[in-house]
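Spelled out, the chains give:
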Amino acid sequence: MTMKKTLKTVLLLMLVCIGFATNAHAQRNGGRLSLGVGLLYENGMDVTLAYEHEMNYRHAWEFFANGYLKWTECKSCGHICPESFWRNYRTYGFGVAYKPCVVRGRNHYGNLRIGASAGSDTNKFLAGIHVGYEHNYELRSGWTLYWQVKSDMMIKGADLLRTGIVLGVKLPIK
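Residues numbered from 1 in each chain as written. Predicted model: local features only at pLDDT ≥ 70, side-chain atom pairs only at ≥ 80, totals over all residues. Heavy atoms only, no water.

**A word on the pairing of strand β4 (residues 89–99)**
Selection criterion: Only protein chains enter the area calculation, which uses a 1.4 Å probe; residues under 20% of their type maximum are buried, those over 50% are exposed, and those in between are partly exposed. The helix count covers DSSP runs of H or I at least four residues long, the strand count covers runs of E at least two residues long, and both are numbered beginning at the N terminus. The rule for pairing is simple: two strands pair if DSSP sees at least two bridges between them.
Alternating positions in β4 separate cleanly, Tyr89, Thr91, Gly93, Gly95, Ala97 and Lys99 being buried on one face and Arg90, Tyr92, Phe94, Val96 and Tyr98 remaining unburied on the opposite face. Inspection of the sheet shows β4 paired to strand β6 (residues 108–120) by seven bridges, in the antiparallel sense. Counterpart to alanine 97 in the pairing with β6 is glycine 115.

What follows is the structure in structure tokens.
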């Protein structure tokens, strides 16, 4: 074997080993895109789009965008009409949450969710502190279904405390 062929073989083996190491690392520290929709007390609806970066032992960091809508009964007709539903109090926010794993099973796991956000109610600045519990169920395809109990404390918001349930799905990103 010549020196050139040996060098090429060694370089090819190094590239293959780096490729396998990179793939193994990506599998352990995966990312997920999630979408959750929920109902909050009193007369609130919540939509959250998030990117979740999973670390060792199912601990995760979540970076999210959140929209909140609070509806009321219409003063003229006494019912919930499109105007009183869509045009009442609305907020949006962007934030981050740390999610340590507290329960692990074969195809499910549970995380605490502790985070903070900043945003607006279209008139003034809002800040939020978020605490809750999230339970995840993994499916064969890599998708994850989850439910979440959330409690939000909104600083300078029209409603100081929000609490409710969110249902959602997470899609793996590779």
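Additional details are given in the paragraphs that follow.
**With respect to the packing of aromatic side chains**
Heads up, the rule is: Only Phe, Tyr and Trp rings are paired, with Trp represented by its six-membered ring, and only when their centres lie within 6.5 Å; those with planes under 30 degrees apart are stacked, over 60 edge-to-face, the remainder tilted. Definition used: whenever NZ (Lys) or CZ (Arg) falls within 6 Å of the ring centre and also within 35 degrees of the ring normal, the charge is taken to sit over that ring.
Here the structure, examined in full by the defined rule, presents three aromatic pairs. An angle of 70° between the planes, with centres 6.2 Å apart, marks the rings of tyrosine 92 and phenylalanine 94 as edge-to-face. Overall, the relative accessible area of 43% leaves tyrosine 92 in the partly exposed class. Residue phenylalanine 94 is classed as exposed on the basis of its relative accessible area, which comes to 53%. Positioned over the ring face of tyrosine 68 is arginine 162, at 3.6 Å from the centre of the ring.

**Remarks on the pairing of strand β3 (residues 60–70)**
Pairing of strand β2 (residues 44–54) with β3, which is carried by 11 bridges, proceeds in the antiparallel orientation. Looking across to β3, one finds that valine 47 is bridged to glycine 67. Following β2, the chain reverses through five residues before pairing antiparallel with β3; tyrosine 57 in that reversal takes a positive phi of roughly 60°. Inspection of the sheet shows β3 paired to β4 by 11 bridges, in the antiparallel sense. Residue pairing in the sheet places alanine 65 in a bridge with phenylalanine 94 of β4.

**Concerning the nonpolar core**
The test is simple: The criterion is simple. A nonpolar core is a set of buried Ala, Val, Leu, Ile, Met, Phe, Trp, Tyr and Cys residues joined through side-chain atoms within 4.5 Å. Here, residues are in contact when the closest pair of their heavy atoms is within 4.5 Å.
Membership of the largest hydrophobic core is limited to five residues, which are Leu40, Tyr68, Tyr89, Leu126 and Met154. For leucine 40, the contacting residues outside a window of four places in its chain are Asp46, Tyr68, Lys150, Arg162, Thr163, Gly164 and Ile165.

**Topic: the pattern of salt bridges**
This is how the line gets drawn: In what follows, salt bridge is the name for a side-chain nitrogen of Lys or Arg lying within 4 Å of a carboxyl oxygen of Asp or Glu.
By the definition in use, this model includes 14 salt bridges. A salt bridge links arginine 32 to glutamate 52; the shortest N-O distance between them is 3.2 Å. Of this pair, arginine 32 sits in strand β1 (residues 31–41) while glutamate 52 sits in strand β2, and the two are 20 residues apart along the sequence. A salt bridge links arginine 32 to glutamate 138, with the nearest nitrogen and oxygen atoms 3.5 Å apart. In this pair, arginine 32 is assigned in strand β1 and glutamate 138 in strand β7 (residues 125–138), connecting sequence segments 106 residues apart. Of the residues examined, glutamate 138 reaches a relative accessible area of 27% and is grouped as partly exposed.

**Describing the confidence of the model for the protein chain**
Note the threshold: Values of pLDDT, which run from 0 to 100, indicate the predictor's confidence residue by residue.
In this model, the protein chain carries a mean pLDDT of 85, and residues with pLDDT of at least 70 account for 83%. Below a pLDDT of 50 lies the segment residues 20–27, which in the model reaches one contact outside its immediate sequence neighbourhood of four places, other chains included.

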